[in-house]
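Observations on the three-dimensional arrangement
These are the residues of each chain, in order.
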Amino acid sequence: MSKEEISRRKKAGILFDSSIFKELQHDELFHHTKTFAVSVNTEYFRVPETLCVVMPGKSQQQGEAELPIDFTPDGVGHYPCDLTLKASDDVRLYRIECTVIPSGSVAELRFTTPAHTPVKQNVPVVNQTADKWLLKADITGSGFTGPRSMTAHAQSTSFYPLTFTPAFESTNKGQLKLMNTADGMEHTFSLVGVGEKPLALEHLVLHCTANQRKTVSIRVPNVTNQRLQYHVSSDLPIITGAKTISVLSLQEETFDVALLSRRRGDYSGALCFVADGKPFIEVDSDGDEVGGPAPPPTPDLEGYTVWYSLEVHVLPAPCIASIPVSCAYRSATEVDIPITNPGSSELTLQVALQGDELHGANELVVSPSSTEQYRLTYQPLSVGIKSGSVIFFSEKVGEFWYDLQLDGMTAEPVTLSPMQCELGRSRDAVLQREWLRPDAT
C-alpha cells in the first residue's frame, strides 16, 4: 500500500479497520503497534484507558494517533492537567492547561456625584490561582479614569481604583475591561455615571466698604475639549461685571467683578457662569470671522455651569463727625443734627439709631436745597461712657452716619428742706422726684 493510500485512509478514518490493519501488518511501513496506558491527574479531564499507536517502518521516523480528551470544568478559572502515556518500553508526559472565560457575565457599577466633584470606587478582582496576574485596563466613557494596568496577586483580592469626574450635569455610560495578559481572560464592568447639579467651586469671603467700589478677580475654568463662552449672572445686586467671558479648552481665565454697596451689612449669594453650548466665533475689526468656519454646536455642553458661593461683608465708611453727648443719670437731653439736601428733589432718609438709650424718629424728609434738623434724645439709664451712632440711608446718596460719644453722669444730689420734731416724737417727709421712663421722649 502506497504512502498516498495510507494518508487517504487515515483522513477518511478507516486506516485502522480490521481488514486494512491486517494488511498493514505485512507492510514495511508498519511492522508493529504499541499500546499505551493513559491517565490524568485531575477529575476535570477524561481520557480512554488505553491508546494503540501503529509504529512506523523503516521509511518513517515516528507514528501518530489521535487521543480524544473530554474537558468538563465546573466554573470560570484556570485548569492545569498532567497527561501520562505508559508502555512497556516508553513513557510520555504532557502538560495541558485550559482557561475558562466568563460567557457574557458583565457587572454594573454606578457612580453618582455632583459635577466637577470626583468620586472613586475600588473594583475588586479575585485571583484564586497560584500565579499573579498582570491586568491591562481599557476604559471607555466620558468622565471615567483609572490606571492603565494593575497586578492581581495570587490567592487574594486586589482592587482597581476607578474614578468618575463628570464635567457637567448628565448621565454618562462606559465600560471597563481588565484583560489578563497571560491567558487573555477579561473582566468586564458596565459603567453608569450620574453627574448631579454641581457644587460651588469655592466659597469666597469678600470684604468691602460702603459707598466704595472694590474689584475682585475670580478664576473661571473650562475642563471641556472646546472653547466656551459663559453667560455671567448673580443674585447679589451689589455685584457688577461683564455679561460674558470666553475660556479656551482645558484652561482658565480671570473674571473681574466690582463690589459696590450703598450701605453696611452682610450679604450672601452666588456667582454663576453658564455656557450656551454654541461655538465661540472670533471676528476681526471688520466683523469677519477669524480661523475659518466654526465647529458645529455641542448640545451636551449647553447649560454647563461653574459657580461660586459668595459671602460679602460690607464695612461702614468713616463717620461724618463724632458728637459728644452728656447727660445726668435718669435725665434726658436732646441733640440736633443738621442734614442738608443740595439736590433739586425731595430727599427721604431712613434713620437707624444704635444704642438702647437713644430715641428719635426713623425717617427724615429734607426739601430740595434746604437743611433740616434731626433731633434725637439721650436718656442714660446708667452711669458711664458708652458709644452710639445715628445712621442715615437713602438709595440716592447711600449711607452716612455720625458717631456719638455718650456720657451718663452721676445725678446732682437733691437738698431736702430742714425737718423739725420734738424729742420723743416722729415726723414724716415726702420726697418728690420726677423719674423719666426709658421710652420717654
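Conventions used here
Residues numbered from 1 in each chain as written. Predicted model: local features only at pLDDT ≥ 70, side-chain atom pairs only at ≥ 80, totals over all residues. Heavy atoms only, no water. Helix = DSSP H or I, 4+ residues; strand = E, 2+ residues; numbered from the N terminus. Buried < 20%, exposed > 50% of the residue type's maximum accessible area, 1.4 Å probe, protein only. Contact = heavy atoms within 4.5 Å. Patch = residues over 30% accessible without salt bridge, like charges linked within 9 Å, V, L, I, M, F, W, Y side chains within 5 Å. Areas by Shrake-Rupley, 256 points an atom, 1.4 Å probe, with all protein chains shown as cover. Salt bridge = Lys/Arg side-chain N within 4 Å of Asp/Glu carboxyl O. Polar contact = N/O pair within 3.5 Å; in protein donor to acceptor, adjacent residues only side chain to side chain. Pairing = 2+ DSSP bridges. Axes fitted to C-alpha atoms, helices over the stretch in contact; angles between N-to-C directions. Phe/Tyr/Trp six-rings, centres within 6.5 Å; stacked < 30°, edge-to-face > 60°. Lys NZ or Arg CZ within 6 Å of the ring centre and 35° of its normal. Core = buried A, V, L, I, M, F, W, Y, C linked by side-chain atoms within 4.5 Å.

**Quick look at the overall build of the protein**
Assigned secondary structure in the protein consists of two helices and 32 strands. Within the protein, the fraction of its 441 residues that count as buried is 33%. Sequence-distant contacts in the protein: of pairs separated by 6 or more residues, those separated by 24 or more amount to 64%.

**Side note on a nonpolar patch on the surface**
A contiguous nonpolar patch, built from V414, L416 and L431 and spanning about 320 Å² of accessible area, is present on the exposed surface. Residue placement: L431 occurs in the segment after β32 (398–409). L431 sits in the exposed class, given a relative accessible area of 61%.

**Topic: the side chain of D90**
Among the secondary structure elements, D90 is positioned in strand β6 (residues 90–100). Side chain to side chain, D90 and R92 meet in a polar contact 3.0 Å long. Leaving out residues up to four positions away in the same chain, D90 has contacts with K34, F36 and L85.

**Quick look at the environment of T348**
Within the secondary structure, T348 sits in strand β27 (residues 347–354). As a C-alpha pair, T348 and S367 span 19 residues in sequence and 8.7 Å in three-dimensional space. Those residues within four positions of T348 in sequence are excluded, and the remaining contacts are E363, L364, V365, F393 and S394.

**Details of the pattern of salt bridges**
On inspection of all chains with the given rule, the structure shows 12 salt bridges. Salt-bridge contacts for R264 lead to E399; the nearest nitrogen and oxygen are separated by 2.9 Å. Here R264 is found in the loop between β20 (251–259) and β21 (265–275), whereas its partner E399 is found in strand β32, with 135 residues between them in sequence. Of the two residues examined, R264 and E399, each falls in the buried class.

**Let's talk about the sheet that holds strand β11 (residues 149–152)**
Pairing in this open sheet of five strands is mixed, and the strands run β7-β14-β13-β9-β11 from one edge to the other. Looking along the sheet, the strands with just one partner apiece sit at the ends: β7 (107–114) and β11. Going from strand to strand, the sheet's axes swing by 25° on average, the running direction of each strand aside.

**Looking at the packing of aromatic side chains**
With the rule as written, the count across this model stands at 12 aromatic pairs. Taking 4.7 Å as the distance between ring centres and 25° as the angle between the ring planes, the aromatic pair formed by F45 and F71 counts as stacked. Here F45, found in strand β2 (residues 45–46), pairs with F71, found in strand β4 (residues 70–71); they are 26 residues apart in sequence, far enough to count as distant. Residue class for F45 comes out buried when judged on its relative accessible area of 4%. Overall, the relative accessible area of 28% leaves F71 in the partly exposed class. Site record: aromatic cluster; members linked through ring pairs are Y44, F45, F71 and Y79. Directly above the ring of F393 sits R263, whose terminal nitrogen or CZ lies 3.8 Å from the centroid. One residue, R264, lies across the ring of W401, its end atom 5.1 Å from the ring centre.

**Some thoughts on the pairing of strand β30 (residues 370–378)**
Two faces belong to every sheet, and in a regular strand the side chains alternate between them. Sheet analysis places strand β26 (residues 333–341) next to β30, joined by nine bridges and oriented antiparallel. Bridge assignment links P338 to a residue of β30, and that residue is Q373. Here strand β28 (residues 358–360) pairs with β30 via three bridges, running antiparallel. Paired with H359 across the strands is T377, a residue of β30.

**Some thoughts on the environment of L301**
Within the secondary structure, L301 is located in the loop between β23 (289–290) and β24 (305–315). Distance in space between the C-alpha atoms of L301 and V274 is 9.6 Å, their sequence separation being 27 residues.

**Considering unusual backbone geometry**
The phi dihedral of Q155 is positive, around 55°, even though this residue is not glycine. Its place among the elements puts Q155 in the loop between β11 and β12 (156–164). Residues other than glycine seldom take positive phi values, yet L250 does so here, at roughly 60°. Checked against the element boundaries, L250 lands in the loop between β19 (244–247) and β20.

**Details of the nonpolar core**
As a rule of thumb, nonpolar side chains are buried together in soluble globular proteins. V220, Y230, I245 and F273 are the most contacted members of the largest nonpolar core, which totals 29 residues. Counting residues per element, the ones that place at least two in this core are β15 (203–209), β16 (214–222), β17 (228–234), β19, β20, β21 and β24. At five residues, the largest contribution of residues to this core is made by β24. What V220 contacts, discounting residues up to four positions off in sequence, is Y230, I245, V247, Q251, E252, E253, F255, F273 and V306. Ranked by size, the runner-up nonpolar core spans 21 residues in total, among them V325, L347, Y378 and V390.

So far we have only geometry, and geometry alone does not tell us how the molecule works.
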